[in-house]
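# Fold and geometry: a report
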Amino acid sequence: MNCGELLIIGGAEDKCLEGEVLNKFVELALRRSDGGIGILPTASEIPEEMSKQYIKIFRALGVDRVEVIKLDSREEADDPLMCEQLESLSALFITGGNQSRLSERIGQSKFHQALSKAWHQGMVIAGTSAGASIIGKHMIVAADTMLNDDKLKVEIGIGFGFLDGLLIDQHFSQRGRFDRLLSAIAVNKELLGIGIDENTAILVKDGLFEVYGQHEVLVLDGSKSDYIHVTTSDNGSEELTLSGFCLHALTRGYRFDLVTRKLLMKKGIQP
């Protein structure tokens, strides 16, 4: 089976006709079948308002059929009728909000299983902000607390599992999330940390990703680290000492090999 593309967005993407990220999503959706797009707003506390924003921009970008998949409980996520709604769609867009809400209401449900099957059969899946974090097998559960917290502890939860071995963080530079991703990877060295800025996305396909949008994507690789040590200071905060981490920063057009964990040049640029 040929899995569909995954468009993973750092949040706050431009919702206008010129917005590169959503234009790319619509382009991918229209390549398949009739290009019908589903919107999954479960993560949001204002799902109706959130859905209206995306319905408006997707239709402006030329999508004739846009459907909202309303899942507010695990009972709804286990409803066969909700699962059937996926069958006629070319793509699904998972909005922002709280990734824990997605995990609690949809994770391991019949809808989750149906979505995984659809993706394996070629459905395009995009997620922004919380919808980006949920794409991986592992996700950072904490939302914004680390910005003002002096502790390095980060709680890791279970995502939808479309990508294994990655830990995705969003609103990355804009919300100062380097420390929390670094500390998360320090205690989970097998995972590859990916921090995605706002109005920026990675398009994942066949073990590679390419950067789209306005800002940067940071990749943290601790697999070859030769020293990691955590100490507790007098005030109870945790301090991290480490060595041997590899950091990559990518901008629009650059690609990255998720298997070899190496940067790939964009066209016209020599290494």
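Preceding block: the structure.
Presented here is a report on the structure given in the accompanying data block. (Residues numbered from 1 in each chain as written. Predicted model: local features only at pLDDT ≥ 70, side-chain atom pairs only at ≥ 80, totals over all residues. Heavy atoms only, no water.)

### A word on the layout of surface pockets
Put simply, the largest pocket is a space of about 240 Å³. Contributing to the lining of the largest pocket are 14 residues, with Leu86, Glu87, Ser88, Ala118 and Gln121 lying nearest its centre. Of all the elements in the fold, those that place two or more residues in the lining of the largest pocket are helix H4 (80-84) and helix H6 (110-120). In terms of residue count, the dominant contributor to the lining of the largest pocket is H6 (3 residues). Within the lining of the largest pocket, the residues separate by chemical class into 6 nonpolar, 4 polar and 4 charged. In this structure, the second largest pocket is lined by Cys3, Gly4, Leu6, Trp119, Leu163, Asp164, Leu166, Val204, Lys205, Asp206, Gly207 and Leu258. At the level of elements, strand E8 (163-170) and strand E10 (200-205) are the ones that each hand at least two residues to the lining of the second largest pocket. Tallying contributions element by element places E8 first for the lining of the second largest pocket, with 3 residues. Considering only residue class, the lining of the second largest pocket consists of 7 nonpolar, 2 polar and 3 charged. (1 Å grid on protein atoms, 1.4 Å probe; cavity = no way out; pocket = protein on both sides within 12 Å on 5 of 7 lines; lining within 4 Å. Points joined across faces, edges and corners; volume = space filled by probe spheres on them. Helix = DSSP H or I, 4+ residues; strand = E, 2+ residues; numbered from the N terminus. Nonpolar A, V, L, I, M, F, W, Y, C, P; charged D, E, K, R; others polar.)

### As for H6
Buried within H6 are the following residues: Phe111, His112, Leu115, Ala118 and Trp119. Across the axial projection of H6, the buried residues extend over an arc of 125 degrees, all falling on one side. Looking at H6, the residues exposed on the side facing more than 90 degrees away from the buried face are Gln113 and Lys117. Two or three places before Phe111, at the opening of H6, Ser109 has a side-chain oxygen 3.3 Å from that residue's backbone nitrogen. Residue Gly122 follows H6 closely and has a positive phi angle near 115 degrees. (Buried < 20%, exposed > 50% of the residue type's maximum accessible area, 1.4 Å probe, protein only. Arc of directions from axis to C-beta. Polar contact = N/O pair within 3.5 Å; in protein donor to acceptor, adjacent residues only side chain to side chain.)

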